[in-house]
Amino acid sequence: MEKIDYRMWIGLAIHTLICLIQLAQPGIFLFYFTLPFVLLNVIGIILIISGKIKTGAIVFMVGSFAFIPIGIIGIFGARSILNKLKQKDFFSEINTIGNENN
Amino acid sequence: MKIIKNYQMKDSAINLPIYAGSVLAIISLVSFFMTLQPMFLPGLGLSVFFVVLGFINKNRDTIKLYEDHMELKFAPASPVHLIRYSDLIRLEDKNKNMKRLYFQSEGKEKRIWIPLSQHKEEDMQEFIKFLEEKIQSKKN
């Protein structure tokens, strides 16, 4: 669970709220428009928990694009996960190269 | 890892979205109170987005130089590029505001735009000189 950035939870909460507010509107069309994107957010979080961090973060980002400008919070969270993963790979590569030389 | 040098965006590039967001906020608020139509409120959300983006950029280092690698991140939500100096291939001119840096990553040749106009001119001259020295020293 600690893999998930706190901004992703905030993003998911806001997106769900926006989606549910549409139910109270006279036209229900926006509810059906935003619901798939909220589902994409949920699927992304499930994928990250189940270990597929890269796929999950990308799915979460795609789900957040529909909610820009407020969706940028979720995009920042997912992007920070991807960046941390990249940094981890990069530095483990440096360490293995260093060990080979020794 | 110790940072040798870091570069930030220039002040005018940081302040532009803050000013633009403030003007947009004023316009949308005035038009909302004059007409009382809710269709002007999304403009307010967009202006908050611009202002927040400007304040995020204020404390952000776009280029960090370490002893054996560098870290490039030009926009708040863009991917971070970690490049070892030994992986640099070449630097190409595109126009006066952009340069294209080619580097090796995971066995593949990749490229990245360096937006020169976002940074201070003397900073970028120093950075480009530093990159060219690294590429030259690798060739020799």
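Look above for the structure.
Given the structure is predicted, the values throughout are model-derived calculations rather than measurements.

(A) Summary view of the overall build of chain A. When you go through chain A residue by residue, the secondary structure sums to four helices and zero strands. The order of helices and strands in chain A, counted from the N terminus, is α-α-α-α. Split into buried and exposed, the 102 residues of chain A put 38% on the buried side. Sequence separation of at least 24 residues holds for 58% of the intrachain contacts in chain A that already meet a minimum separation of 6. With an accessible surface of roughly 6,000 Å², chain A has 69% of that area assigned to carbon and sulfur atoms.

(B) Structural context of the sheet that holds strand 5 (residues 88-95) of chain B. Residue and element names in this part refer to chain B. In spatial order, the strands read 5-6-7; together these three strands make up an open sheet with antiparallel pairing. Two strands bound the open sheet, and with one partner strand each, they are strand 5 and strand 7 (108-115). Each strand axis lies, on average, 25° off the axis of its neighbour in the sheet, ignoring direction. Pairing between strand 6 (residues 98-105) and strand 7: eight bridges, direction antiparallel. For Ser-105, the partnering residue across the bridge sits in strand 7 and is Lys-108. The strands that helix 3 (residues 121-139) touches are strand 5, strand 6 and strand 7; relative to strand 5, the one it contacts most, it runs at about 140°.

Calculation notes
Residues numbered from 1 in each chain as written. Chains lettered and ligands numbered in written order. Predicted model: local features only at pLDDT ≥ 70, side-chain atom pairs only at ≥ 80, totals over all residues. Heavy atoms only, no water. Helix = DSSP H or I, 4+ residues; strand = E, 2+ residues; numbered from the N terminus. Buried < 20%, exposed > 50% of the residue type's maximum accessible area, 1.4 Å probe, protein only. Contact = heavy atoms within 4.5 Å. Areas by Shrake-Rupley, 256 points an atom, 1.4 Å probe, with all protein chains shown as cover. Pairing = 2+ DSSP bridges. Axes fitted to C-alpha atoms, helices over the stretch in contact; angles between N-to-C directions.

Just geometry here; none of it tells us what the structure is for.
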